[in-house]
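Analysis of the macromolecular model
Next come the chains, spelled out residue by residue.
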Amino acid sequence: MDGYLTTHVLDAARGVPAEGLRIELYAHHYGGREKIAEAVTNADGRTDGPILPKGDFGPGEYELVFHAGDYLRASGQAGASPLFLDLVPIRFGISDAGAHYHVPLLLSPYGYSTYRGS
């Protein structure tokens, strides 16, 4: 298996990388989900390495959970409580164990988008 999973977060409202945003990665199984990784974005809005490296990578269903609310509060963009966006889960499947999967998040206080990047 040569595949791996990466992610990054861009603050679309401010036009900068989202530094300091906590991300959790879960693997989904028949009985539920299991947390398998956690990272915080660096100054480039990326994790320092793959969030799921080659040695741990495999086909299956996964979920990235972005702690957007904490980031929005820290960056002064939170607005009134409760926040419109707090935790942003993105559930996706990996079918090709030899591929690079990149799942970015473009974030603002009132919306987000994602896609399979390269």
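Procedures and definitions
- Here, residues in each chain are numbered from 1, in the same order as that chain's written sequence.
- At least 70 in pLDDT is required for a residue's local features to be given in this predicted model, at least 80 for side-chain atom pairs to be given and counted, and no such filter applies to totals for whole chains, interfaces and linings, which use all residues.
- Calculated side-chain values reflect all of the structure's heavy atoms, with hydrogen atoms and water omitted.
- By the convention used here, strands pair only if DSSP detects at least 2 bridges between them.
- Strands here mean DSSP runs of E at least two residues long; helices mean DSSP runs of H or I at least four residues long; both are numbered from the N terminus.
- Interaxial angle, 0 to 180 degrees, is taken between N-to-C directions of lines fitted to C-alpha atoms, where a helix line uses only the stretch in contact.
- A carboxyl oxygen of Asp or Glu within 4 Å of a side-chain nitrogen of Lys or Arg is what we treat as a salt bridge.
- Accessible area is worked out with a 1.4 Å probe on protein chains only. A residue is then buried under 20% of its type maximum, exposed over 50%, and partly exposed in between.
- It only takes one pair of heavy atoms within 4.5 Å for two residues to be counted as in contact.
- N or O atoms closer than or at 3.5 Å make up a polar contact, with two conditions inside protein: a donor-capable atom paired with an acceptor-capable one, and, for residues adjacent in sequence, both atoms drawn from side chains.

As for the pairing of strand 5 (residues 32-40)
- By the bridge criterion, eight bridges tie strand 4 (residues 22-29) to strand 5 in an arrangement that is antiparallel. Paired with Glu24 across the bridge in strand 5 is Glu38.
- Turn length for the strand 4-strand 5 hairpin, with the two strands adjacent in sequence and antiparallel, is two residues.

A word on the sheet that holds strand 4
- What the four strands build is an open sheet, ordered 5-4-6-7; its pairing is antiparallel. Across the chains shown, the open sheet's two edge strands, defined by having one partner strand only, are strand 5 and strand 7 (87-94). Between one strand axis and the next, the sheet turns by 25° as a mean value, whatever way the strands run.

A closer look at the sheet that holds strand 3 (residues 16-17)
- Pairing in this open sheet of four strands is mixed, and the strands run 3-2-9-10 from one edge to the other. Edge positions in the sheet fall to strand 3 and strand 10 (111-114), since each of these pairs with one other strand and no more.
- Two strands pair when backbone bridges link them, and strand 9 (residues 105-108) and strand 10 are joined in this way by four bridges, in the antiparallel orientation. What sits directly across from Leu106, in strand 10, is Ser113.

Some details on the pattern of salt bridges
- Following the criterion strictly, the structure yields nine salt bridges and no others.
- Of the charged contacts in the structure, one is a salt bridge between Arg22 and Glu24, with a shortest N-O distance of 3.3 Å.
- Classification of Glu24 as buried rests on a relative accessible area of 9%.
- Among the ionic pairs, Arg91 bridges to Glu61, the shortest N-O distance being 2.8 Å.

A look at the environment of Asp11
- Note on placement: Asp11 falls in strand 2 (residues 9-11).
- Of the residues examined, Asp11 reaches a relative accessible area of 2% and is grouped as buried.
- Separated by 98 residues in sequence, Asp11 and Pro109 have C-alpha atoms that sit 9.1 Å apart.
- Residue contacts for Asp11: discarding those within four places in its chain leaves Val16, Pro17, Ala18, Tyr71, Gln77 and Leu107.
- At 2.6 Å, the side chain of Asp11 forms a polar contact with the side chain of Tyr71.

Considerations on the environment of Tyr71
- With respect to the helices and strands, the residue Tyr71 is situated in helix 1 (residues 68-74).
- Among the residues examined, Tyr71 registers a relative accessible area of 4% and is labelled buried.
- Here the alpha-carbon distance between Tyr71 and Ala39, two residues 32 residues apart in the chain, equals 14 Å.
- Ignoring sequence-local partners within four residues, the contact set of Tyr71 consists of Asp11, Arg14, Pro17, Ala18, Glu19, Leu21, Gln77 and Leu107.

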